[in-house]
Amino acid sequence: MTESRAFPRFPAGFVFGAATASYQIEGAAREDGRGPSIWDTYSHAPGLVANGDTGDIACDHYHRYPEDVALLRELGVDSYRFSIAWPRIVPDGSGPVNPKGLDFYARLVDELLAAGIEPAATLYHWDLPQALEDRGGWRVRETAERFAEYTAVVAGHLADRVPRWITLNEPWCSAFLGYSVGRHAPGAREGRGALAAAHHLLVGHGRAVEALRAAGVREAGITLNLDRNLPATGSAADRAAVVRADTQHNLVWTEPLLAGRYPHTEEETWGELITGQDFRRDGDLALIGQPLDFLGINYYRPIVVADAPHREPDPALRTATDNRYAEVRLAGARHTAMDWPVVPDSFTDLLVALKERYGDALPPIHITENGSAEHDEVSPDGAVHDRDRVAYLRDHLTALKAALDAGVDVRGYYVWSLLDNFEWAFGYGKRFGIVRVDYDTQRRTPKDSYHWYRAMIAAQRD
Ligand code: IFM
């Protein structure tokens with residue numbers, strides 16, 4: 001399964017990695033002083049996660065991390081992106097720090113360094129301490145302050161050994177899936193609350209960058225799941241719907257982070273939900289727009305957008321995602337097990353368009369996630385033949401290389417994910433790993449895609 005003729009070639013020094021996140025793999029949810037997070041609460045509420053799955057045990061990575069680091073070493077990656085569980089470090093969200101939580105990440109980092117792998121740490125991959133949600137969560141500014149305090153604690157312990165830091169992972173999901181669509185923790189369906197959450201996440205990012213700089217970290221950045229939104233037809237109405245989708249998915253983050261302004265299309269996107277808002281303060285844009293060492297981008301698929309009426313016709317009940325567009329299934333494309341269309345060219349286009357829009361204000365990019373959930377075939381001898389995932393990775397790495405060739409400064413690529421894991425509201429039914437996890441035995445089996453990625457990385461060094 002090595003097909004070296006198909007390997008794209010990347011410049012010397014390009015970083016290849018693999019990514020995971022704390023709640024999705026660690027388990028040990030009540031061990032060594034970890035406090036409850038919003039995902040513990042959400043996954044334990046009946047009917048919210050498929051099959052009643054929770055992250056209580058997950059991949060048991062908390063106990064098996066040496067085996068997982070050995071898999072990374074064998075894979076030959078330069079870097080491993082993991083996330084730190086805030087409720088392990090500050091179990092109540094504020095107040096006493098839990099030394100056993102810090103110890104766990106120090107041991108993981110040491111294991112990685114001993115294996116010759118650079119750690120890349122994400123500070124927030126959605127597991128907010130429940131105690132902070134009980135005080136308003138991301139709807140309130142106080143959470144951004146607590147985030148900065150937690151960041152200072154973690155960076156104070158690990159800055160000397162972790163070169164690359166990511167403040168937030170995909171704040172779009174935290175703000176909109178969490179506080180508007182209600183399909184992620186904490187499961188809220190709000191209008192202004194979700195917009196306030198989006199803003200406070202950005203303020204938290206800015207405050208965390210300050211804390212990371214004070215600790216002397218080498219690289220600080222943020223990871224966004226930017227979307228390539230395509231109009232369903234050439235009609236003016238569908239093109240206007242794309243503007244609203246772009247605002248809500250992309251511009252709400254990239255404009256403050258990279259251009260020092262709020263999107264000029266926010267009123268036509270959110271109407272009365274955004275007018276007269278009181279959560280923005282003088283100085284916020286300067287805080288949010290501090291220079292970054294890199295921008296992390298997670299890319300999976302394009303979104304086809306059509307004009308549509310408000311999902312909630314009553315203005316008093318509208319959420320922040322009821323804004324007059326609908327996603328349309330893309331005809332003719334293969335769809336993954338998530339029912340996401342596979343369109344590698346969109347990956348190139350997204351990156352090139354970003355460069356065109358922001359020019360020199362665009363920092364170097366790391367692709368901090370890319371991968372696919374597939375219906376893996378397990379053969380009687382235990383091997384896992386995931387041909388569709390191999391094709392997905394090959395085609396997306398080729399598309400990424402095309403973006404580099406077009407002049408986009410991309411420095412690294414992390415496959416999502418090292419392990420099959422807890423796919424949020426979909427539970428364990430969706431498998432993104434290049435290593436299969438048997439959840440009954442916790443046995444790890446590298447899939448064909450693992451072997452393909454390993455050979456691809458090795459071929460760069462020939
Ligand atoms: O599993 C998630 C991850 O936590 C964030 N980015 C998208 C992945 C696949 O849905």
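A few points on the structure. (Residues numbered from 1 in each chain as written. Predicted model: local features only at pLDDT ≥ 70, side-chain atom pairs only at ≥ 80, totals over all residues. Heavy atoms only, no water.)

1. Here we look at helix α9 (residues 192-215)
So the rule is basically this: For helices the rule is a DSSP run of H or I covering at least 4 residues; for strands it is a run of E covering at least 2, with both sets numbered from the N terminus onward. A helix is expected to reach a length of 1.5 Å times the quantity of its residues less one.
Taking 1.5 Å as the rise per residue, α9 with 24 residues should run 34 Å; its terminal C-alpha atoms sit 34 Å apart, in good agreement. G216 lies just past α9 and shows a positive phi near 80 degrees.

2. Section: the site of the ligand
To keep it simple, the criterion reads: The near set for a molecule or strand comprises every residue that places at least one heavy atom within 4 Å of it. The term polar contact refers here to a pair of N or O atoms within 3.5 Å; inside protein, the definition further demands a hydrogen-donor-capable atom paired with an acceptor-capable atom, and it admits residues adjacent in sequence only when both atoms are side-chain atoms. The Shrake-Rupley method, run with a 1.4 Å probe sphere, supplies the accessible areas, and residue values consider only the shown protein chains as cover. In the scheme used here, Gly and all other residues not listed as nonpolar or charged are polar, with Ala, Val, Leu, Ile, Met, Phe, Trp, Tyr, Cys and Pro taken as nonpolar and Asp, Glu, Lys and Arg as charged.
Every residue close to the ligand is listed here: Q24, H125, W126, N169, E170, Y300, W340, E369, W416, E423, W424 and F432. Contact between the ligand and E423: an oxygen atom at 2.6 Å from a side-chain N or O atom of the residue. Within the contact set of the ligand, an oxygen atom lies 2.8 Å away from a side-chain nitrogen or oxygen of W424. Protein contact buries 95% of the 280 Å² of open area that the ligand shows by itself. When its residues are assigned to classes, the shell around the ligand shows six nonpolar, three polar and three charged.

3. A few points about the side chain of D238
Heads up, the rule is: Only heavy atoms enter the contact rule, under which two residues are in contact if any of them lie within 4.5 Å.
Relative to the helices and strands, D238 is located in helix α10 (residues 236-259). In contact with D238, not counting residues within four places along its chain, are P231, A232, T233, V305, A306 and D307.

4. What to know about the sheet that holds strand β8 (residues 302-307)
Heads up, the condition is: Note on pairing: two strands pair once DSSP finds at least 2 bridges between them. To obtain each axis, a line is fitted to C-alpha atoms, and for helices this fit is confined to the stretch in contact; angles are then taken between N-to-C directions over 0 to 180 degrees.
One open sheet accounts for three strands, arranged β6-β8-β9; its pairing is mixed. Each edge of the open sheet carries a strand with a single partner, namely β6 (228-231) and β9 (325-328). Each strand axis lies, on average, 45 degrees off the axis of its neighbour in the sheet, ignoring direction. With four bridges joining them, β8 and β9 adopt antiparallel strand pairing. When the sheet's bridge partners are listed, A306 is paired in β9 with A326. Across the sheet, α10 touches β6, β8 and β9, and the angle it forms with β8 is around 130 degrees.

5. Structural notes on the packing of aromatic side chains
Stated precisely, the cut-off is as follows: Each pair of aromatic rings taken from Phe, Tyr and Trp, with Trp reduced to its six-membered ring, is defined by centres within 6.5 Å and is described as stacked if the planes are under 30 degrees apart, edge-to-face if over 60, and tilted in the remaining cases. Only protein chains enter the accessibility calculation, which uses a 1.4 Å probe; a residue is then buried when its area is under 20% of its type maximum, exposed when over 50%, and partly exposed in between. The criterion for a charge sitting over a ring is simple: Lys NZ or Arg CZ within 6 Å of the ring centre, and within 35 degrees of the ring normal.
This structure, assessed with the given rule, holds 36 aromatic pairs. For the ring pair F7 and W452, a centre distance of 5.5 Å and an interplane angle of 65 degrees mean the geometry is edge-to-face. Taken together, the residues span a long stretch of sequence, with F7 in the segment before β1 (15-19) and W452 in helix α15 (residues 448-460) at a distance of 445 residues. Summarising the burial analysis for this pair, F7 and W452 share the class buried. Geometry around Y262 places R280 over its ring, the cationic atom sitting 3.5 Å from the centre.

6. Topic: the sheet that holds strand β10 (residues 365-369)
Judged by pairing direction, the barrel is parallel, and its eight strands sit side by side in the order β1-β2-β3-β4-β5-β7-β10-β13 before closing back on the first. Neighbour-to-neighbour, the strand axes of the sheet open up by a mean angle of 25 degrees, direction not taken into account. Pairing geometry for strand β2 (residues 79-83) and strand β3 (residues 118-124), over five bridges, is parallel. Considered in β3, the bridge of S83 is made with T122.

7. Some points on unusual backbone geometry
Most peptide bonds are trans, and most residues other than glycine sit at a negative phi. In this structure, P186 follows A185 across a cis peptide bond, with omega equal to 10 degrees. One can find P186 in the loop between α8 (171-181) and α9. That bond from W416 to S417 is cis: its omega, 10 degrees, falls within 30 degrees of zero. As for its position among the elements, S417 is in the loop between β13 (410-416) and β14 (435-438). A positive phi angle, close to 85 degrees, is found at W126, a residue other than glycine. With respect to the helices, strands and loops of the structure, W126 is situated in the loop between β3 and α6 (130-134). The exposure class of W126 is buried, given its relative accessible area of 6%. Despite not being glycine, E170 shows a phi value in the positive range, around 45 degrees. Relative to the elements of secondary structure, E170 occurs in the loop between β4 (164-169) and α8.

8. Concerning the nonpolar core
Short version of the rule: Residues enter a nonpolar core if they are buried and are Ala, Val, Leu, Ile, Met, Phe, Trp, Tyr or Cys, with the set joined through side-chain atoms within 4.5 Å.
Among the nonpolar cores identified, the biggest contains 142 residues, and F176, L400 and Y453 are the most heavily contacted of them. Here this core takes 11 residues from α9, the largest share from any one element.

9. Remarks on the pattern of salt bridges
Selection criterion: Should a side-chain nitrogen of Lys or Arg be within 4 Å of a carboxyl oxygen of Asp or Glu, the pair is scored as a salt bridge.
Considering all chains together, one arrives at 40 salt bridges under this definition. The shortest N-O distance in the salt bridge between R357 and E255 comes to 3.3 Å. Residue R357 is located in helix α13 (residues 344-358), and its partner E255 is located in helix α10; the two are separated by 102 residues in the primary sequence. In this structure, the salt-bridge partner of R389 is D386, at a minimum N-O distance of 2.8 Å. Pair check on accessibility: R389 and D386 agree, each one buried.

10. Remarks on the environment of E74
Structurally, E74 can be placed in helix α3 (residues 61-75). Separated by 52 residues in sequence, E74 and W126 have C-alpha atoms that sit 29 Å apart. What E74 contacts, discounting residues up to four positions off in sequence, is Y450 and R454.

11. Here's the deal with the state of the cysteines
Formally: In this description, the term disulfide denotes a pair of cysteine sulfurs within 2.5 Å.
This structure, assessed with the given rule, holds zero disulfides. C59 takes part in no disulfide bond, and the closest cysteine sulfur, belonging to C173, lies 19 Å away. Judged by relative accessible area, which is 0%, C59 ranks as buried. Judged by relative accessible area, C173 falls into the buried class, the value being 6%.

Just geometry here; none of it tells us what the structure is for.
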